[in-house]
Amino acid sequence: MTEQGRILNEKKEFHGFIFDVVSRKIKTPDGLTVERQVVLHGNAVAFIAPVPVDNQIKFALGTEYRAGLNQERTSFPAGLINPGEDPKTAALRETREEIGLQYRDAQEIFCISTSEGFTNEATHLMLLTDLQGKTDKNFDPSEFVKTVFFSFEELEEKILSKKITTAPGIIGYQWMKMHPEVLEKL
């Protein structure tokens, strides 16, 4: 088990719609006393959604505007976990909302922390299974996601040519490459 630091003092610096910023004085496990600003952000899900298209499996990805980069990015669809939801429930809900597909099950592949030096956010990468059919998309008021479908080979080309650069996209691709037996079952 990893050791935690001891928070000696914490002051809220900013409260936003989806995150807060706090200043902390922390006694680290190795005895240092440090001061850090930390972004407190809710956890999220990203998901691999296999879809049969023209007698082959393709994967649903979303192209969405991302404010932090001020541009669109293509990746596996993702969204925040609502209060009271577990990652599986959130992934199944986000799939309906963002790509208009209904799946029966979701299995966690990884829990990813991409910027643990300044945020507590974790993204649960999920594999969706048992496609039930289409449903209406239901975007949040401030989002719009364009759904695109790529074969594994097309996904690989997009990643290797640096057209997909997100952590969930790259990690999901690497996981599928390491586990071809899972792709064969789809």
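Residues numbered from 1 in each chain as written. Predicted model: local features only at pLDDT ≥ 70, side-chain atom pairs only at ≥ 80, totals over all residues. Heavy atoms only, no water.

Participant: Can you lay out the overall build of the protein chain for me, pointing to particular residues and giving the numbers?
Facilitator: Scanning the protein chain from N- to C-terminus turns up 4 helices and 10 strands. Listed N to C, the secondary structure of the protein chain is β-β-β-β-β-β-β-α-β-β-β-α-α-α in terms of helices and strands. For the protein chain, the spread of C-alpha atoms along the principal axes amounts to about 60 × 35 × 30 Å. Here the protein chain has roughly 11400 Å² of accessible surface; of this, 51% comes from carbon and sulfur atoms. Within the protein chain, one finds 22 positive and 28 negative side-chain charges whose respective centroids are separated by 4 Å. (Helix = DSSP H or I, 4+ residues; strand = E, 2+ residues; numbered from the N terminus. Areas by Shrake-Rupley, 256 points an atom, 1.4 Å probe, with all protein chains shown as cover. Lys, Arg positive; Asp, Glu negative; His and termini not counted. Charge placed at Lys NZ, Arg CZ, Asp CG, Glu CD.)

Participant: Residues and numbers for the nonpolar core, please.
Facilitator: By size, the foremost hydrophobic cluster in this structure holds 19 residues, and its most contacted members are I48, F59, L61, F76, L155, W175 and M176. Contributing elements (two or more residues each) for this core: strand 4 (44-53), strand 5 (56-66), strand 8 (101-112), strand 9 (123-134), helix 2 (152-160) and helix 3 (167-178). Look past the residues within four positions of M176 in its chain and what remains in contact with it is I48, F59, F76, F152, L155 and L183. Among the nonpolar cores identified, the runner-up in size contains 15 residues, and V45, F47, I81 and A106 belong to it. (Core = buried A, V, L, I, M, F, W, Y, C linked by side-chain atoms within 4.5 Å. Buried < 20%, exposed > 50% of the residue type's maximum accessible area, 1.4 Å probe, protein only. Contact = heavy atoms within 4.5 Å.)

Participant: Let's hear about the pairing of strand 2 (residues 19-27): which residues, and what values?
Facilitator: Pairing analysis gives 8 bridges linking strand 1 (residues 6-15) to strand 2, with the strands arranged antiparallel. Across the sheet, residue E10 finds its bridge partner in strand 2, namely R24. Hairpin connection between strand 1 and strand 2: a loop of 3 residues separates the two successive antiparallel strands. As paired strands, strand 2 and strand 3 (residues 33-41) are joined by 9 bridges and run antiparallel to one another. (Pairing = 2+ DSSP bridges.)

Participant: Describe in detail the packing of aromatic side chains, supporting the description with residues and values.
Facilitator: Tallied over the entire structure, the rule returns 2 aromatic pairs. Relative to Y173, the ring of F152 has its centre 5.5 Å away and its plane inclined at 20 degrees; by these criteria the two rings are stacked. Of this pair, F152 sits in helix 2 while Y173 sits in helix 3, and the two are 21 residues apart along the sequence. An identical accessibility class is assigned to F152 and Y173; each is buried. (Phe/Tyr/Trp six-rings, centres within 6.5 Å; stacked < 30°, edge-to-face > 60°.)

Participant: If you had to explain the sheet that holds strand 3 to someone new, which residues and values would you point to?
Facilitator: For sheets, the rule is that strands pair by backbone hydrogen bonds, running either parallel or antiparallel. Strand order in this open sheet of 3 strands is 1-2-3, and the pairing throughout is antiparallel. Unpaired on one side and paired on the other, strand 1 and strand 3 mark the two borders of the sheet. On average, adjacent strands in this sheet sit at an angle of 25 degrees to one another, irrespective of strand direction. (Axes fitted to C-alpha atoms, helices over the stretch in contact; angles between N-to-C directions.)

Participant: I'd like a rundown of unusual backbone geometry, residues and numbers included.
Facilitator: The backbone of D54 sits at a positive phi, close to 50 degrees, despite the residue not being glycine. Relative to the elements of secondary structure, D54 occurs in the loop between strand 4 and strand 5.

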